[in-house]
Structure formats: structure tokens, C-alpha cells
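Working through the structure, step by step
Chain by chain, the residues:
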Amino acid sequence: MYTTLFWIIIAILVCDFVLETVLDYLNGKQVSLELPDEVKDIYDAEKYKKQQEYFKTNQKFGTISDIFSFVVMMLMFFLFGFAFVDNIARGMVENSIMISLVFFGILYFANELISMPFALYKTFNIEEKFGFNKMTPGLFAMDTLKGWLMSIILGGGILALVMLFYEKVGTNFWLIAWGVMAFINIFMLMFYSNLIVPLFNKQTPLEEGELRTEIEKFCQKVGYQLENLYVIDGSKRTTKANAYFTGLGSKKRIVLYDTLMDTLTTEEIVAVLAHEIGHYKHKHTLFMLIFSLLNIGVMLFLLSIALGEPAEGNMAIANALGSNIPSFHFGVIVFGILYTPISFLLGIGVNVLSRKNEYQADTFAKENGLGAPLGEALKKLSVSTLSNLNPHPAYVFFNYSHPTLLQRLKNLND
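Within each chain, residues carry numbers counting from 1 in the order of the written sequence. Local features in this predicted model are restricted to residues of pLDDT 70 or higher, and side-chain atom pairs are both shown and tallied only at a pLDDT of 80 or more, whereas totals for entire chains, interfaces and linings draw on every residue. Values reported for side chains reflect all heavy atoms of the structure, with hydrogen atoms and water molecules removed beforehand.

1. With respect to the packing of aromatic side chains
To be explicit about the condition: We call Phe, Tyr and Trp rings a pair once their centres come within 6.5 Å, taking the six-membered ring for Trp, and we label the pair stacked below 30 degrees between planes, edge-to-face above 60, and tilted otherwise. Each residue's exposure class comes from its accessible area (1.4 Å probe, protein chains only) as a fraction of the maximum for that residue type: buried when under 20%, exposed when over 50%, partly exposed otherwise. Each helix is a run of DSSP H or I of at least 4 residues and each strand a run of E of at least 2, with the numbering of both proceeding from the N terminus. Counting as a charge over the ring demands two things of the Lys NZ or Arg CZ atom: a distance within 6 Å of the ring centre and an angle within 35 degrees of the ring normal.
Scanning the model with the defined rule gives 31 aromatic pairs in all. A centroid spacing of 4.4 Å and a plane angle of 15 degrees characterise the contact between tyrosine 2 and phenylalanine 6, whose relative ring orientation is stacked. For tyrosine 2, a relative accessible area of 33% corresponds to the partly exposed category. With relative accessibility at 0%, the residue phenylalanine 6 sits in the buried group. Taken together, a centroid distance of 5.4 Å and an interplanar angle of 80 degrees make the contact between phenylalanine 109 and tryptophan 148 edge-to-face. Of the two residues, phenylalanine 109 sits in helix α4 (residues 96–129) while tryptophan 148 sits in helix α5 (residues 137–169), which places them 39 residues apart along the sequence. By relative accessible area, tryptophan 148 is classed as buried at 19%. Over the ring of phenylalanine 200 we find lysine 146, and its NZ or CZ is 5.8 Å from the ring centre. The ring of tyrosine 230 carries the charged tip of arginine 253 above its face, separated from the ring centre by 4.0 Å.

2. Things to note about unusual backbone geometry
A negative phi holds for most residues other than glycine; trans holds for most peptide bonds. One non-glycine residue, phenylalanine 80, lies in the positive phi region at around 55 degrees. Inspection of the secondary structure assignment puts phenylalanine 80 in the loop between α2 (45–78) and α3 (81–92). The backbone of lysine 283 shows a phi angle near 60 degrees, a positive value even though the residue is not glycine. Following the sequence through the fold, lysine 283 ends up in the loop between α9 (266–281) and α10 (284–307).

Structure follows, in C-alpha cells:
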């Protein structure tokens, strides 16, 4: 029996899928064979044709995978698949926390298995075809196993803690859970590069030489205390280049991909780091962390309302999934979907703010005399990754956390 809540859930899922499909369609129609003037100095006709082919291939692949995921999700709801998995979990264990852990564990690994062919095709066909993939099947397998292990330990551990708080405290569990989640988020921001990254990549301090000397000179000029400057072996997986800033206080760290050093000149790398330091100077990392923690708090509060008291649960949620037994995991599944419209609106706000932050960081580099080399670096990185030069404005508004290349070049040149 399909309930009113069931149809609300389906409506949200369908609307979300339709919106993303329309945005993808508009983005695909925006493809142009005419090379923008801003990048004619680094793109020839053959390379631009390759970029267009890469974009079309990825879009087609993304459409197929999205449709597949949507169909699977619809089947799970219309055939009461979540209730079926719940019965399996209850047949294996009796403790309520363990039931939820087994329930989510079955869903997680089922999703991993059915999405594995897509991941393999993406890595060893598409990325391989366009010259990006450096990953071996053995490394892919090791990364997958490590990812599974981290999900079990971290994801399972956090989930068990939240459920324990819920059972012991009731609907006020969200306050304790919020505190724990805030601690974990701050801890991971500070120690991610020390604890998680080494599981997948090797990081080494940038050796003495011209590049380090120029970076240190710039940091001294802008009053940035440089303590941790590392190079990561990104080339073991891809030819794409990147750099990032992470951490807080004494744990802040700048990380350069070795592929970045092969792609850019010394001055261009310093310009990229100037952009990252600009984020630090404008306190973007801190502001985004605060915003994220507030979002988590609101989400947990609303979740506590949806779940109800542990002794009673929410029968409407259970019935919507085809069960007569209220449970924590049913509440999380349904709440996650009901929260989608709120998450969607928040996502737009976060993207708008993030794009503003990127402009500010670019401007910081420009104000310190590195606008031109940063522009050249952005163009080279765009070419090296075959990124889309002309995305549809609507697609950018809803999905882009960074301005487009042409928008950033315009900002740097103004």
C-alpha cells in the first residue's frame, strides 16, 4: 500500500532527477565548435576537438549512469526493497544498533558492487582513451579496498555513536551528535593530510631549489607563515594537475601535485599558491567550516524531529518504506530524501559563496603582481584536464563551485 508520504518521496526524487537531466541537456546544447578568443594562444584546432569529444563522452556516460541509478532507486521504493533489506538485517542480528549497521552495510556494498562496472569503465576506458589514467588494476583494487575499510571504520563508528546517543537521550540526541560531528570535522580538517592522505599517496617536503625559494619569498612578502609545503605523487593515478590548501593554525599545509610541477612554470606555480594563500588571508576556510557546522546542526535537529522518540519511532516513515517496524535507519533514509529541497537551496547558496571566494582569491594574487601568470596557469590547467570552456550559465549557477575559466580570466584582466 503506497502512502501519501511514499508519493511525496517519489515526487522529490523525480523532480530532482528531471532538474538535473534538463541542466545536463542545456549544458550539452551549449557545446560550441568555435574556440574562444581567450584561449586561442594555447588551444589548437585538434586539441580543442579532443576537448569537445571528452566532454561529450563524459556527458553521455553520466547520463547513462544517472538513469541507471534513478531506475534502481525507483525499484527500491516501489518494490519495498528497503523493507526487504531490513528483514535480512533483523534475521542476522537482534541489537537495534547492529540492525541499523547491518542494514546500511548491505546497502553500501550493494551500491558499490552495482556501480563498480561504471567506475571501471570511467577509469580504464574513458580516462585511458584521453590519456589521463595512470592507475593500474592493482592500484584501483587497493584504493577500493582501502575506501571500503575507511567507510566501515569511520562511517560505521560515527553512525553507531549517533544511534547510541539517540537511544540514550531521545530526540535531544542531536545536540550531542552535533558536538561530536563538529569535533570530527575540525579534526579531519586539521589532520586529513597527516592521517588519510598517506593511505593513498606519498607526500614529501618540497626540496630546496628555485621553486621553494620563490614560494618562500612570496610568503614572506604577504606575511604568510609557511611551515608545511609538500609535493604529492598524484601522477601515480592521473596526469591531471592540482594543488590545495588544508588545515588550520599550525597544521595548515600547502600541497602541490607533482603533475602541477611538470605542467607550469615556477612563476605560474607561485601564482597558483598565491591564490590558495588568498583563501587563507580572506578566512574562506574558516567561514566555510562554520557554515558547514551550522548546516550539520540544523540537519540533525530536523532529523530528531522526523525520528520521534526511540520508544515510539515514526510509523509513517516505516509504512512509506513498506514496513510496520519503525527504526532509526528508516528515518535516516526518508529524512535524507525529504531534506533534498533544503539541501538543494543550501547548495546553491554555497556555490554562490564559493564562486565569490574564488574571485577574491584570484584578486589577491592579482593585487600581488601575479594576475598574468595565474591566468596562464589557469589556461594551462584547463587544457591539461580538457575542461569544458563554455558551460551553460544555468548549469554553472546550480552546479559550479568555481567560476568558469573565461569568467576567471575576465576578472584577472579587468
